[in-house]
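Spelled out, the chains give:
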Amino acid sequence: MSFAAAPRRPSGGAPRARRRSPLGVAVVAVAVVIAALLLLAQFWTEVMWFGQLGFSRVIWTEWGMRAALFATGFVVMAGSVFWSFTAAYRSRPVYAPSTPEQATLDQYREAVEPLRRVVMIAAPVLVGFFAGVAASAQWRAVLLAFNSEPFGETDPQFNMDIGFFVFTLPALRFGVGFLISVVVIAGIAGLITHYLYGGLRVGPAAAGGPRTTPAARIHLAIIGAVLLLLIAANYWLDRYSILTNAGDRFDGASYSDVHAVIPAKGILTVVAIFVAALFIVTAFRGDWRLPAIGVGLMVVSAIAIGGIYPAVVQRFQVNPNAQELEAEYIQRNIDATLSAFDIDDVEKEQYDATTEAEEGALRSDADTAASIRLLDPQVVSPSFRQLQQNKQYYNFNDSLSVDKYEIDGESRDTVIAVRELNLDGLGQDQRNWVNDHTVYTHGYGVVAAYGNQPGPDGRPAFFEGGIPSQGAITDMEGEYEPRIYFSPSTTTYSVVGAPEGTDAWELDYQADDADDGGQVNTTFTGDAGPSVGSFGSKLLFALKFGEEQLLFSDRVTSESQILYDRDPQQRVSKVAPWLTLDNRAYPAVVDGRVKWIIDAYTTSDAVPYSTSTPLDEAVADTLTTTTTQTGAPVELPEEVNYIRNSVKATVDAYDGSVDLYAWDAEDPILKAWTNVFPTSVKPMEEISGDLMSHLRYPEDLFKVQRTLLSQYHVTNSAEFFSGQDFWNNPTDPTSEATTAPLQPPYYLTLQMPGQEESSFSLTSTFIPGGNTDREVLTGFLAVDADAGNQAGTKAEDYGKLRLLELPRDTTVPGPGQVQNNFDSNPTISEQLNLLQIGSSTVRRGNQLTLPMGGGLLYVQPVYIQSTGGTQFPLLRKVLVAFGDDIGFADTLDEALDQVFGGDSGAQAGDAGTATDEAPTAPPTGEPGTEPSTEPSTEPTEESGTGGEPSTELDAALQEAADAMEDANAAQRDGDWTAYGEAQERLQQALEDAIAAEEAQSGSAG
């Protein structure tokens, strides 16, 4: 028999106290102070940032809840593990049996004993820290559970309010899962300690002798009982979680789940409670056979009842009769999905689309024809950059925005861009701390062009632009604040503001007539960032950004503010971390200020029976995969089965102020978060009429809805089961990627069949589903995207989804077929080849689809740009298709007439704007010029392509096109004499075009 190891007393008397080195103490003290300052710099600067925006409650609530959960998780985990260690050690036997096993353990005990106290404290602290971190990450779930709101709808299986599944169940599952982890780790700690110190024996024991001491038996049995009770609770909660399971055909509980799995979970719950009772009995009676048998019974039950029985039901009862047995549960899935994604009120209409183009067919669609957008916001950014950037330190985003403005009493679709700050445009010798952070601090103004008509030589027809800003928007707003301190491209911090009477040093622009050395400067006067006027704040921000200049620069004054986190989406995500943001922030001039408008969503993945959708896949298309986004990427949930556009957010481009407006005040998730942050979200009644006129239906929400409607337009369970009428969204026919992404939805002003008047809409199309490569059109989806212009009130039809379903026996070409028809047409391909003569290249614009003329009309602008030197696209041609008829002309109006028998019956927005009559874009921004709201017929002098060589080139290209048409006609008629003459004219036209191209290149150089 051997003794369990006891603490050893040190020999040789009391040890001498070590003398601490003063230098070492000083180094440690300095290190502690520096670490404290660095932490304070990160912590307190955030407090200042939130306080300046008026959202202090957000950060204190979040940090407070995180801290409380961390402390709770740390104390529960560390305390339980420490208790288990301590209880096992204190109850160790004084004498351990003399066995080979104990002899071996003696060596381990002697090795561990000097470190025992450290291990028994450090191990609980370490696991407690990780448990606290895991617990703090659940702050959203816990806050929602404490502030839950009823949905007013019940699930079809348990008849419980959906709010239980969305708010309460996630918190309960986290709590039970966390406690299981605590009990398991505490049990392992106790088990190891009991074994190490002889309270638990694994090797051979004397006949009839116990393998555990009474203390170890009680300790481990209690832990086992608690663990089994928690497992029972987990089984019980599994019954509810099954309603959100992802299945092969549909999400939610299936027939076998309802009739086998859910009852099995209930039985396993009872079994687990019974086995827990056996552990309690063992704690007092000392027989481990009962709980061992119970655990074996539980394992067998889990395999037989929880695994084999549901599999048998599925294979032998459900699979042979799946359509009938699953019908009820498929219908549950359909109903829940339609409701959760707000697509349960889609206005469906059978659209007997014709493919025959008849003369005058567009007469009843005159408004839509006049509004067809020709300017592609994803193509023309280089044109905006060349014609309106003005200064190298300004720039435009690669992806521009589509909006609408009322000009001269008429709502006009508009392509709009913000002139953002671009420090990369400066020369290397201009880059220094003073310039980067105090001189070049902001962008300047917006630039807007008509969407439905080009300017001269295919340029955008600007109606607002220049520096200083001039044009229709400026006139309409009575001037507006043009300076852009906050934008997606602005990633560095700036120090702004100065005492009154100080000379301004923040640069607006250079101007020959400026008083201050040829440049116009400004001083920021708003309230946009934390103050850096005191030494303490200077020190904190100097540490935060690692910039000592903040401490020593004379430009950091008592009135200075520091601007950072300037991306609008980043600002909204910080003040409202409970929202999911749309991928796009778009600008609008509202009430005299440039505002960034951001759509925000409340989401969940816990609505019973609703289909889970990967959000990043649903919103992915050409725009998200090819557009350069300079701002911070949007964080998206992995899966959602509920979404609402519950909040509209705005960020002021001048002072960075953030406003959140409740857009769907009835959304239960928004109500719950409003309980948490009662002052964060303003009521919709505070939205001004001007702001309301620029709010629109969000793109990401529409993408998610169109993805689901590709299947859930089928609302009959039997038809849904067969899946024979499922659709797909088409890939982008203009994409050059190896694997083409989806075609994005487009904002258009159009009049849907059945609508009394045209409206600003967001549109998309559908093609057949499955594995077929046959791309005919099966459906057309549009949503009324116009929120109206009444303060605090949405337009009545805003958000109305309209789905045109095409007859199954009619073949209407889809986007891919139409693009193939465009590309394979010999006349078009020859003319496009001509347009690429010399150093030019063809760029295809977005392919728009519109329900017009009783069928579907396709419109695609064609741009030409140089392949070398200065490159920017100019609109030169327009492609139109209706059925199998194709038009290709200099203007949309002419192309429509070609398709519809010489007279479409309507005028397009570019009617009468041929090359010799093209409307003139407003000035490119030199001070002293003034844009006109009306397109002019005067050519501009700035265009390198607007002189005589360009006119000769256009004439030669037109002659070549006419010659090709005559040659084709002669060939069809068999008139080979006329064919030869046409070929001679074509050859001469080509030579003239080459000469004109060379002359144009020479004059441009």
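Before reading further, recall that the structure is shown in the block above.
This is a predicted model, so every value here is computed, not measured.

1. Digging into the overall build of the protein
So, point 1. Scanning the protein from N- to C-terminus turns up 29 helices and 33 strands.
So, point 2. In the protein, which comprises 1005 residues, the proportion classed as buried is 54%.
So, point 3. Pairs at least 24 apart in sequence give 71% of the contacts found in the protein among residues at least 6 apart.
So, point 4. Accessible area for the protein stands at about 43,500 Å²; split by element, carbon and sulfur atoms hold 53% of it.

2. A word on the sheet that holds strand 5 (residues 401-407)
So, point 1. Read across the open sheet, the five strands follow the order 5-6-9-10-11; overall the sheet is antiparallel. The open sheet is flanked by strand 5 and strand 11 (470-471), the only strands paired with a single partner.
So, point 2. Taken together, the two bridges between strand 10 (residues 460-465) and strand 11 define a ladder with antiparallel strand orientation. Bridging from a neighbouring strand, Glu 464 pairs with Gly 471 of strand 11.
So, point 3. Against the sheet, helix 13 (residues 381-388) makes contact with strand 6 (410-418), strand 9 (446-454) and strand 10, and its axis sits at roughly 55 degrees relative to strand 10, the strand it touches most.

3. Remarks on empty space enclosed by the protein
So, point 1. Taken as a whole, this structure holds seven cavities of 30 Å³ or more when the rule is applied.
So, point 2. By volume, the largest cavity amounts to about 200 Å³.
So, point 3. Lining the largest cavity are 18 residues, with Asn 397, Ser 399, Pro 488, Ala 585 and Trp 596 sitting closest to its centre.
So, point 4. At the level of secondary structure, the elements contributing two or more residues to the lining of the largest cavity comprise strand 6 and strand 17 (580-590).
So, point 5. Per-element tally for the lining of the largest cavity: the top contributor is strand 17, with five residues.
So, point 6. Class assignment for the residues of the lining of the largest cavity results in ten nonpolar, six polar and two charged.
So, point 7. In this structure, the second largest cavity spans a volume of roughly 130 Å³.
So, point 8. Lining the second largest cavity are 14 residues, with Pro 377, Gln 378, Val 402, Glu 699 and Tyr 747 positioned closest to its centre.
So, point 9. Of all the secondary structure elements, the ones that give two or more residues to the lining of the second largest cavity are strand 5 and strand 25 (746-750).
So, point 10. Within the lining of the second largest cavity, the residues separate by chemical class into seven nonpolar, three polar and four charged.

4. Description of the sheet that holds strand 23 (residues 681-682)
So, point 1. An order of 17-18-21-22-23 is seen for the five strands of this open sheet, with the pairing classed as mixed. Among the strands making up the open sheet, the edge pair consists of strand 17 and strand 23.
So, point 2. In terms of strand pairing, strand 22 (residues 658-662) meets strand 23 through two bridges, oriented parallel. Looking at strand 23, one finds that Tyr 661 is bridged to Lys 682.
So, point 3. Most of the contacts of helix 23 (residues 699-712) go to strand 17, to which it runs at about 135 degrees, and overall it touches strand 17, strand 18 (593-604) and strand 21 (642-652).

5. Some thoughts on helix 11 (residues 327-340)
So, point 1. The end-to-end C-alpha distance of helix 11, which contains 14 residues, comes to 20 Å, matching closely the 20 Å that a straight helix rising 1.5 Å per residue would cover.
So, point 2. In terms of burial, helix 11 is largely enclosed, as ten of its 14 residues are buried.
So, point 3. For helix 11, the set of buried residues is Tyr 329, Ile 330, Arg 332, Asn 333, Ile 334, Ala 336, Thr 337, Leu 338, Ser 339 and Ala 340.
So, point 4. Next to the buried residues of helix 11 lie helix 8 (255-285), helix 10 (322-325), strand 21, helix 23 and helix 24 (717-722).

6. Structural notes on the packing of aromatic side chains
So, point 1. One pass over the structure, following the stated rule, counts 41 aromatic pairs.
So, point 2. Aromatic side chains Tyr 485 and Phe 524 sit 4.8 Å apart centroid to centroid with 70 degrees between the ring planes, which places their arrangement in the edge-to-face category. Of this pair, Tyr 485 sits in the loop between strand 12 (483-484) and strand 13 (494-496) while Phe 524 sits in the loop between strand 15 (519-522) and helix 16 (535-545), and the two are 39 residues apart along the sequence. There is no split in this pair, since Tyr 485 and Phe 524 are both buried.
So, point 3. An aromatic cluster is built from Phe 43, Trp 44, Trp 60 and Trp 63, whose rings are joined through pairwise contacts.
So, point 4. Positioned over the ring face of Tyr 240 is Arg 239, at 5.4 Å from the centre of the ring.
So, point 5. The residue whose ring lies beneath Arg 696 is Tyr 586, and the NZ or CZ to ring-centre distance is 3.7 Å.

7. A look at a negative patch on the surface
So, point 1. A contiguous patch of negative charge on the surface is contributed by Asp 367, Asp 408, Glu 410, Glu 756 and Glu 757.
So, point 2. Relative to the assigned elements, Asp 367 resides in helix 12 (residues 366-371).
So, point 3. For Asp 367, a relative accessible area of 47% translates into the label partly exposed.

8. Some details on the environment of Ser 381
So, point 1. You can see Ser 381 is positioned in helix 13.
So, point 2. As for Ser 381 and Val 415, which are separated by 34 residues in sequence, their C-alpha atoms are 9.9 Å apart.
So, point 3. Not counting residues up to four positions away in its chain, the partners in contact with Ser 381 are Phe 396, Asn 397, Asp 398 and Leu 400.
So, point 4. A distance of 2.6 Å separates a polar side-chain atom of Ser 381 from the backbone oxygen of Asn 397.

9. Observations regarding the packing of helix 8 against helix 9 (residues 289-318)
So, point 1. At a minimum axis distance of 9 Å, the contact between helix 8 and helix 9 shows a crossing angle of 175 degrees. Comparing their axes, helix 9 and helix 8 come out roughly antiparallel.
So, point 2. Residues of the contact of helix 8 with helix 9, tallied by class, amount to 22 nonpolar, eight polar and no charged.

10. Quick notes on the side chain of Arg 483
So, point 1. By the secondary structure assignment, Arg 483 is in strand 12.
So, point 2. Under the relative-accessibility criterion, Arg 483 is labelled buried at 17%.
So, point 3. Polar contacts involving the side chain of Arg 483 include one to the side chain of Asp 508, which spans 2.8 Å.
So, point 4. Those residues in contact with Arg 483, other than ones at most four positions away along the chain, are His 442, Gly 443, Tyr 444, Asp 508, Thr 522, Ala 653 and Tyr 654.

11. Observations regarding the pattern of salt bridges
So, point 1. Inspection of the entire model under this criterion finds 30 salt bridges.
So, point 2. We note a salt bridge from Asp 508 to Arg 483, for which the minimum N-O separation is 2.8 Å. Of this pair, Asp 508 sits in strand 14 (residues 506-510) while Arg 483 sits in strand 12; the two residues are 25 residues apart in sequence, bridging distant segments of the chain.
So, point 3. The exposure class of Asp 508 is buried, given its relative accessible area of 0%.
So, point 4. In this structure, Glu 699 and Arg 696 form a salt bridge, with 3.5 Å as the shortest nitrogen-oxygen distance.
So, point 5. Here the residues in one salt-bridge network are Glu 46, Lys 544, Asp 565 and Lys 574, joined through shared partners.

12. Looking at a nonpolar patch on the surface
So, point 1. A contiguous nonpolar patch, built from Val 295, Val 299, Ile 303, Ile 308, Val 312 and Phe 316 and spanning about 550 Å² of accessible area, is present on the exposed surface.
So, point 2. Within the secondary structure layout, Ile 308 lies in helix 9.

13. Notes on unusual backbone geometry
So, point 1. Looking along the chain, the bond that leaves Ile 467 and enters Pro 468 is cis, with omega of -5 degrees.
So, point 2. Looking at the element boundaries, Pro 468 is found in the loop between strand 10 and strand 11.

14. Observations regarding the side chain of Ser 254
So, point 1. Checked against the element boundaries, Ser 254 lands in the loop between helix 7 (214-241) and helix 8.
So, point 2. Judged by its relative accessible area of 11%, Ser 254 is buried.
So, point 3. A polar contact of 3.3 Å, which involves the side chain of Ser 254, links it to the side chain of Ser 256.
So, point 4. Dropping the residues within four chain positions of it, Ser 254 is found in contact with Glu 326 and Tyr 329.

15. Examining the nonpolar core
Generally speaking, a soluble globular protein has its nonpolar side chains buried in company with each other.
So, point 1. Counting residues in each nonpolar core, the largest one holds 142 residues, and the members touching the most others are Leu 550, Leu 660, Trp 673 and Leu 695.
So, point 2. Looking at which element gives the most residues to this core, the answer is helix 6 (residues 162-196), with nine residues.
So, point 3. Here Leu 550 is in contact with Trp 433, Tyr 493, Val 495, Lys 538, Phe 541, Ala 542, Phe 545, Val 556 and Ile 562, once residues within four sequence places are set aside.
So, point 4. With 72 residues, the next largest nonpolar core counts Ala 369, Leu 857, Tyr 858 and Val 862 among its residues.

16. So, helix 27 (residues 892-899)
So, point 1. Within helix 27, six of the eight residues are buried, which leaves it mostly tucked inside the rest of the structure.
So, point 2. Within the span of helix 27, buried status applies to Leu 892, Asp 893, Ala 895, Leu 896, Asp 897 and Val 899.
So, point 3. The inward-facing, buried residues of helix 27 contact strand 31 (855-866), strand 32 (874-882) and strand 33 (885-889).

17. Overview of the pairing of strand 9
So, point 1. Where burial is concerned, most of strand 9 is hidden: nine out of the nine residues are buried.
So, point 2. Where strand 6 and strand 9 come together, five bridges link them in antiparallel fashion. Counted as the bridge partner of Thr 414 is Tyr 450 from strand 9.
So, point 3. Relative to strand 10, strand 9 is paired through three bridges, and the arrangement is antiparallel. What sits directly across from Pro 454, in strand 10, is Pro 460.
So, point 4. Taking the residues between adjacent antiparallel strands as the criterion, strand 9 and strand 10 are bridged by five residues, where Asp 457 takes a positive phi near 60 degrees.

Conventions and cut-offs
- Residues numbered from 1 in each chain as written.
- Predicted model: local features only at pLDDT ≥ 70, side-chain atom pairs only at ≥ 80, totals over all residues.
- Heavy atoms only, no water.
- Helix = DSSP H or I, 4+ residues; strand = E, 2+ residues; numbered from the N terminus.
- Buried < 20%, exposed > 50% of the residue type's maximum accessible area, 1.4 Å probe, protein only.
- Contact = heavy atoms within 4.5 Å.
- Areas by Shrake-Rupley, 256 points an atom, 1.4 Å probe, with all protein chains shown as cover.
- Pairing = 2+ DSSP bridges.
- Axes fitted to C-alpha atoms, helices over the stretch in contact; angles between N-to-C directions.
- 1 Å grid on protein atoms, 1.4 Å probe; cavity = no way out; pocket = protein on both sides within 12 Å on 5 of 7 lines; lining within 4 Å.
- Points joined across faces, edges and corners; volume = space filled by probe spheres on them.
- Nonpolar A, V, L, I, M, F, W, Y, C, P; charged D, E, K, R; others polar.
- Expected span 1.5 Å × (residues − 1).
- Phe/Tyr/Trp six-rings, centres within 6.5 Å; stacked < 30°, edge-to-face > 60°.
- Lys NZ or Arg CZ within 6 Å of the ring centre and 35° of its normal.
- Patch = residues over 30% accessible without salt bridge, like charges linked within 9 Å, V, L, I, M, F, W, Y side chains within 5 Å.
- Salt bridge = Lys/Arg side-chain N within 4 Å of Asp/Glu carboxyl O.
- Lys, Arg positive; Asp, Glu negative; His and termini not counted.
- Charge placed at Lys NZ, Arg CZ, Asp CG, Glu CD.
- Polar contact = N/O pair within 3.5 Å; in protein donor to acceptor, adjacent residues only side chain to side chain.
- Parallel < 35°, antiparallel > 145°, perpendicular 65-115°, else oblique.
- Core = buried A, V, L, I, M, F, W, Y, C linked by side-chain atoms within 4.5 Å.

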